[in-house]
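Chain residues, written in single-letter form:
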Amino acid sequence: MTNNTVRKALLERKVTLGGWIQCGNAATAEIFAHAGFDWVAADAEHSDFDVASCTQLFRGLHGRGCTPLVRVRENDTLAIRQMLDAGAAGVIIPLIASPQEAQRAVAASKYPPQGVRGYGFARMNEWGANFDLYAASANENVAIVVMIESKQGVENIDAILAVDGVDGVFIGPYDLSGSYGIPGQTDAPAVVEACKHVVAACASTGKSAGLHVVKPTPENVTKAIADGFTFIALGLDSVFLQQGARSALAAARAAIEDAT
Ligand code: 3PY
Ligand code: MG
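These notes cover the structure that comes with them. (Residues numbered from 1 in each chain as written. Chains lettered and ligands numbered in written order. Predicted model: local features only at pLDDT ≥ 70, side-chain atom pairs only at ≥ 80, totals over all residues. Heavy atoms only, no water.)

### Observations concerning the overall build of the protein
Thinking step 1. Check the secondary structure of the protein and you find 12 helices and eight strands.
Thinking step 2. Relative to the compact-globule value of 18 Å for 260 residues, the protein shows a C-alpha radius of gyration of 19 Å, a close match.
Thinking step 3. Each of the three principal axes of the protein carries a C-alpha extent, and together these read 70 × 40 × 30 Å.
Thinking step 4. For the protein, the proportion of its 260 residues judged to be buried stands at 51%.
Thinking step 5. Relative to all contacts within the protein whose residues are 6 or more apart in sequence, the contacts with residues 24 or more apart total 63%.
Thinking step 6. Carbon and sulfur atoms form 55% of the exposed surface of the protein, whose accessible area is close to 11900 Å².
Thinking step 7. Separation of charge centres in the protein, based on 20 positive and 27 negative side chains, amounts to 2 Å. (Helix = DSSP H or I, 4+ residues; strand = E, 2+ residues; numbered from the N terminus. Rg over C-alpha atoms; globule rule 2.2 N^0.38 Å. Buried < 20%, exposed > 50% of the residue type's maximum accessible area, 1.4 Å probe, protein only. Contact = heavy atoms within 4.5 Å. Areas by Shrake-Rupley, 256 points an atom, 1.4 Å probe, with all protein chains shown as cover. Lys, Arg positive; Asp, Glu negative; His and termini not counted. Charge placed at Lys NZ, Arg CZ, Asp CG, Glu CD.)

Right under this line is the structure:
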């Protein structure tokens, strides 16, 4: 992993579209990669995924031109290290609310002297065969995206963005709405204002702003990009399944009714 195109796009504030896997498996990763997503994130926060299941997802992406990312279960040094060793080219760290928390996430993701990531033989360096190459290039290639999904995170956004090593931020609209006391009301004025504040802070520091468009439509995706978001997660495997299953069933039932 010596040329992380997603990190490059984050630093250049170029639009990328990502898939998000919450309930699927390596086959889902293969399908998403083949569909053409720029990156796919395994969600180890809101799922039953552990390091072993994420490793399988990363294997499904390997060699298919789709960058493997992970949303780690929490801002924890070992959780981050194990996912990077397993094959993630970048980490998305949930619920970052302060610069200290952002510093901890960056430290966990970088080898010394920039951080505290431990060295070892692992999948990421071909079980040691590419140890030197990976060790020399990882700090410049691992993408680090911190999630802003609380009122406190929004208030501290300037200090969080000032942390060296933060490549971009990613808004979790559901947690954000919950933090304003209106869970699920992602279009409420307080949430919209918070998003604007984060995007403006990113623009003024040259960092990327990302958004999880949990239920994507052509309108809300175009709006997210027009609003200044570049790192876009498009839906979830579970949402696509629900939408696909429901619309196929509705169409079939309507056709049967018409025919009888
Ligand atoms: C949220 O909306 O809180 C999320 O974490 C989406 O990924
Ligand atoms: Mg969240």
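### Focus: the coordination of the magnesium ion (ligand 2)
Thinking step 1. For the magnesium ion (ligand 2), every protein donor is listed as Glu149 (OE) and Asp175 (OD), and the spread of their distances is 2.1 to 2.2 Å. One end of the pair, Glu149, is in the loop between β5 (143-148) and α7 (151-155); the other, Asp175, is in helix α9 (residues 173-179), and 26 residues separate them in sequence.
Thinking step 2. Judged by relative accessible area, Glu149 falls into the buried class, the value being 3%. (Donors = N, O, S within 2.8 Å, 3.2 Å for Na, K, Ca; no water.)

### Quick notes on the environment of Trp20
Thinking step 1. Structurally, the position occupied by Trp20 is in strand β1 (residues 16-21).
Thinking step 2. A relative accessible area of 0% means that Trp20 is categorised as buried.
Thinking step 3. Along the primary structure Trp20 and Ser238 are separated by 218 residues, whereas in three dimensions their C-alpha atoms are 9.0 Å apart.
Thinking step 4. Aside from chain neighbours lying at most four places away, what touches Trp20 is Phe32, Trp39, Ala41, Asp43, Arg71, Ile92, Phe170, His212, Ala233, Gly235, Leu236 and Asp237.
Thinking step 5. Engagement of the side chain of Trp20 in a polar contact is seen with the side chain of Asp43, the distance being 3.0 Å. (Polar contact = N/O pair within 3.5 Å; in protein donor to acceptor, adjacent residues only side chain to side chain.)

### Some points on the packing of helix α4 (residues 77-86) against helix α5 (residues 99-109)
Thinking step 1. One way to put it is that α4 packs onto α5 with a least axis distance of 8 Å and a crossing angle of 40 degrees. Regarding α4 and α5, the two cross each other, and that crossing is right-handed. On α5, the residues touching Thr77, Ile80 and Leu84 of α4 are Arg104, Ala105, Ala108 and Ser109. (Axes fitted to C-alpha atoms, helices over the stretch in contact; angles between N-to-C directions. Left-handed = near helix turned anticlockwise from the far one by under 90°.)

### Digging into the sheet that holds strand β4 (residues 90-93)
Thinking step 1. The strand order around the closed barrel built from eight strands is β1-β2-β3-β4-β5-β6-β7-β8, with neighbouring strands paired in parallel fashion. When the angles between neighbouring strand axes are averaged without regard to direction, this sheet yields 25 degrees.
Thinking step 2. The pairing of strand β2 (residues 39-43) with strand β3 (residues 67-71) spans five bridges and is classified as parallel. Along β3, the bridge assignment pairs Val40 with Pro68.
Thinking step 3. Across the sheet, helix α3 (residues 51-61) touches β1, β2 and β3, and the angle it forms with β3 is around 155 degrees. (Pairing = 2+ DSSP bridges.)

### Here's the deal with the side chain of Asp85
Thinking step 1. With respect to the helices and strands, Asp85 occurs in helix α4.
Thinking step 2. Overall, Asp85 belongs to the buried group, its relative accessible area being 18%.
Thinking step 3. There is a polar contact of 2.9 Å between the side chain of Asp85 and the side chain of Arg117.
Thinking step 4. Those residues in contact with Asp85 that lie beyond four places of it in its chain are Arg117, Ala122, Arg123 and Met124.

### Notes on the pattern of salt bridges
Thinking step 1. Inspection of every chain in the model, using the stated rule, returns 13 salt bridges.
Thinking step 2. The closest approach of N and O atoms between Lys151 and Glu155, which form a salt bridge, is 3.2 Å. Remark: Glu155 and Lys151 occur in helix α7; sequence separation between them is four residues, near one turn of the helix.
Thinking step 3. Looking at Glu155, the relative accessible area reads 56%, which means it is exposed.
Thinking step 4. A salt bridge links Lys196 to Glu193; the shortest N-O distance between them is 3.6 Å. Of the two residues, Lys196 and Glu193 are both situated in helix α10 (residues 189-205); the distance of three residues between them amounts to about one turn of the helix.
Thinking step 5. Classification of Lys196 by relative accessible area gives exposed; the value is 52%.
Thinking step 6. Here Glu193 falls in the partly exposed class, since its relative accessible area comes to 47%.
Thinking step 7. Through salt bridges that share partners, Arg7, Glu140 and Asp167 make up one connected network. (Salt bridge = Lys/Arg side-chain N within 4 Å of Asp/Glu carboxyl O.)

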